[in-house]
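Take a look at the letters that make up each chain.
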Amino acid sequence: RAPVVAQMAPRSAARLRLLVSAPSLLLLSGGFAEALVPSCEAGAGGLCSTGSGVASQPPFAEAALWAAALVPGDCDTQGGEGCRWQGVPDTWRYGWANLRLAIERAHPEHRAAVSGDLLQQIETVHNFMDQMGDHSGMWYGNWHSAAAVARELMGVLTPWLQAYRAGPALRLPRANVGVRFPSASGRSLQVSTDGDTAAAATLANGVELPVLGFGVWQLSADGTTHQSVLWALEAGYRHIDTAQGYGNEHEVGSAVKASGIPREDIRIVTKLSNPQEFRTARQRFEQQLQVLGVTYIDVYMLHSPGASKEDRQAAWQQLEELYDEGKIRALGVSNFDIAQLEELFGFARIKPVYLQNKYSIYQPGGYDEANNQDSLMEWLSAHRVVMTGYSIIHPEHGGLMSPMEDPHIKAIAQRHGRTPSQVLHRWLLQLGAVVIPRSRRRERILENSRLFDFALADADVRLLNGLAALVKSTPGKRSPAWCEDVYGVDAWR
């Protein structure tokens, strides 16, 4: 469905028309000798050319070309048919952020080939992106005014980016950025590097939950789920995540039974998916027990906030009763934001100890997470709620960029001799979250289990954390505001 059209203010549109009518794009004409980002001592914005720190050469040039190529030409026209407008703003911002960083971090001789006139046009397009914000309707109604210029700028710069010569390394001050797993004892879980897949986080009520789980979302209930869960259990997974809405709980149950592994050694996590059944939650839960062929559930969640506070309260009261009866060992929720969690904490007699949300390098939480002033992960840690991040390796909701293909991720994976999937899952583990990779292929199930025989350096974790700011930030505004300014975007004006 096409987004609602929003028109850009006349003053802004006129500025773009002036840019569009520029007679030419000047690239190899002048010497831009002044450094765009001043040198700093270690610690200021994480962007340091002096002092001690961990050196890195992120692939800004490659990432800029990669992101720009992902936006189809249909998105260059107003109301372009077939354009997934929801993903356009983030993709162009990400490409443009990497473009600016490539210029700023280039070798002085290489940077000198980029004229001041060209830099001014790059900044003008970036400012136009800022004015359109995150509203897909604004992009739908106005991006056509800048699309041709953005394409031409990127086209002119392509040879320069392909022949890129990096300047002084990006230096990140040494620091430990790991977030502890909240636990009943207050002690941090140490994510092992000895190959042991059995590492578990202790939920606030004392229940232990393996930090490596196996997800079965979108796995067919034609025997595929059964076989995939069996392979996962054989590979050492002891945490299986399913839901009413997945339609495959019966195959999860049959696989657990067929595995021969004692039920008490496996954590089964499932959810009430249908909001229309919130007021009859007990009845649905009892049916899920029968479908799974078990007598209790380790972690049971509301799959969404549902339609109203009244519905949430009605459901939660019934889940608390089931918890009291020993049929549920721990309560949780999924796809809740901070405001909804605070509401739930306000009326819950038994507090949730577990949250499952989308979490990736581009989307660290809910869809609007980057626009929030507070970090969801920090809120959860303060309230002793363990988080599971799902769809770590997949694009953000409606997004065009795949983390598995991102040059930044591939560079770190190559450095560690790992796959992009392993790097992304290990990254989230080291941030203090549970992971639930899924696959129907045995080799991928094994690959995703091999997260405990290597570790990412803190510098790598920080580089990955900082990518979220390249997706949302524009000149004068760093988003998420709570994200460390690893790449120096605060310097953009």
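Residues numbered from 1 in each chain as written. Predicted model: local features only at pLDDT ≥ 70, side-chain atom pairs only at ≥ 80, totals over all residues. Heavy atoms only, no water.

1. Examining the overall build of the protein
For step 1, the next point in the chain: The helix and strand tally for the protein stands at 17 helices and 12 strands.
For step 2, the next point in the chain: Out of the 493 residues belonging to the protein, those deemed buried represent 56%.
For step 3, the next point in the chain: Sequence separation of 24 or more characterises 76% of the internal contacts of the protein that already satisfy a separation of 6 or more.
For step 4, the next point in the chain: When the accessible surface of the protein is totalled, it reaches about 19700 Å², and 48% of it is carbon and sulfur. (Helix = DSSP H or I, 4+ residues; strand = E, 2+ residues; numbered from the N terminus. Buried < 20%, exposed > 50% of the residue type's maximum accessible area, 1.4 Å probe, protein only. Contact = heavy atoms within 4.5 Å. Areas by Shrake-Rupley, 256 points an atom, 1.4 Å probe, with all protein chains shown as cover.)

2. A short note on the packing of aromatic side chains
The geometry of two aromatic rings is summed up by the distance between their centres and the angle between their planes.
For step 1, the next point in the chain: Tallied over the full model, the rule gives 12 aromatic pairs.
For step 2, the next point in the chain: Between W92 and W143, the ring centres sit 5.3 Å apart and the planes meet at 50°, which makes this aromatic pair tilted. With W92 in helix 3 (residues 88-104) and W143 in the loop between helix 6 (136-142) and helix 7 (144-162), this residue pair connects regions lying 51 residues apart in the sequence. Take W92 and W143: they sit in the same class, and that class is buried. (Phe/Tyr/Trp six-rings, centres within 6.5 Å; stacked < 30°, edge-to-face > 60°.)

3. Thoughts on empty space enclosed by the protein
For step 1, the next point in the chain: If you walk through the whole model with that rule in mind, you get 4 cavities of 30 Å³ or more.
For step 2, the next point in the chain: Size it by volume and the largest cavity reaches roughly 80 Å³.
For step 3, the next point in the chain: What lines the largest cavity is simply S56, Q57, P58, P59, H408, A411, I412, R415, L463, L464, L467 and Y487.
For step 4, the next point in the chain: For the lining of the largest cavity, the secondary structure elements donating two or more residues are helix 14 (407-416) and helix 17 (458-472).
For step 5, the next point in the chain: In terms of residue class, the lining of the largest cavity is built from 8 nonpolar, 3 polar and 1 charged. (1 Å grid on protein atoms, 1.4 Å probe; cavity = no way out; pocket = protein on both sides within 12 Å on 5 of 7 lines; lining within 4 Å. Points joined across faces, edges and corners; volume = space filled by probe spheres on them. Nonpolar A, V, L, I, M, F, W, Y, C, P; charged D, E, K, R; others polar.)

4. Description of the packing of helix 15 (residues 420-431) against helix 17
For step 1, the next point in the chain: Between helix 15 and helix 17, the shortest axis-to-axis distance is 10 Å and the interhelical angle comes to 100°. Here helix 17 runs roughly perpendicular to helix 15, going by the angle between their axes. Taking contact as the criterion, the partners of V423, W427, Q430 and L431 in helix 15 are, on helix 17, V461, L464 and N465.
For step 2, the next point in the chain: Looking at the contact of helix 15 with helix 17 residue by residue, the classes come out as 5 nonpolar, 2 polar and no charged. (Axes fitted to C-alpha atoms, helices over the stretch in contact; angles between N-to-C directions. Parallel < 35°, antiparallel > 145°, perpendicular 65-115°, else oblique.)

5. Side note on the sheet that holds strand 6 (residues 239-241)
For step 1, the next point in the chain: Strand order in the open sheet formed by 8 strands is 5-6-7-8-9-10-11-12, with parallel pairing between adjacent strands. Taken across any chain shown, the strands that pair with only one partner, and hence form the sheet edges, are strand 5 (214-215) and strand 12 (433-435).
For step 2, the next point in the chain: In terms of strand pairing, strand 8 (residues 297-302) meets strand 9 (residues 328-334) through 5 bridges, oriented parallel. Considered in strand 9, the bridge of Y300 is made with L331.
For step 3, the next point in the chain: Sitting on the sheet, helix 11 (residues 309-324) is in contact with strand 8 and strand 9, with an inclination near 155° to strand 9. (Pairing = 2+ DSSP bridges.)

6. A short note on the confidence of the model for the protein
For step 1, the next point in the chain: Of all residues in the protein, 84% attain a pLDDT of 70 or more, and the chain-wide mean is 85.
For step 2, the next point in the chain: A low-confidence stretch, residues 178-188 (pLDDT under 50), is modelled with 32 contacts involving residues beyond four sequence positions or located in other chains. (pLDDT = per-residue confidence, 0-100.)

7. A look at the state of the cysteines
For step 1, the next point in the chain: Summed over the entire model, instances satisfying the criterion amount to 1 disulfide.
For step 2, the next point in the chain: Note on cysteine connectivity: C75 is disulfide-linked to C83, with sulfurs 2.0 Å apart. A torsion of 110° about the S-S bond marks the disulfide between C75 and C83 as right-handed.
For step 3, the next point in the chain: Using a relative accessible area of 1% as the deciding quantity, one classes C75 as buried. (Disulfide = S-S within 2.5 Å.)

8. Points about the pattern of salt bridges
For step 1, the next point in the chain: Following the criterion strictly, the structure yields 26 salt bridges and no others.
For step 2, the next point in the chain: Connected via shared salt-bridge partners are R282, E286, E321, E325 and K327. (Salt bridge = Lys/Arg side-chain N within 4 Å of Asp/Glu carboxyl O.)

9. Details of the packing of helix 14 against helix 17
For step 1, the next point in the chain: Viewed as axis vectors pointing N to C, helix 14 and helix 17 meet at an angle of 165°, and their least axial separation amounts to 11 Å. Taken together, the axes of helix 14 and helix 17 are roughly antiparallel relative to one another. For the element pair helix 14 and helix 17, the recorded crossing hand is left-handed. Across the interface between the two elements, H408, I409, I412, R415 and H416 of helix 14 pack against D460, L463, L464 and L467 of helix 17. (Left-handed = near helix turned anticlockwise from the far one by under 90°.)

10. A short note on unusual backbone geometry
For step 1, the next point in the chain: Omega for the peptide link from S479 to P480 comes to -5°, which places this bond in the cis form.
For step 2, the next point in the chain: Position of P480 relative to the elements: it lies in the segment after helix 17.
For step 3, the next point in the chain: The residue N335 is not glycine, and still its phi comes out positive at about 65°.
For step 4, the next point in the chain: Relative to the helices and strands, N335 resides in the loop between strand 9 and helix 12 (338-347).

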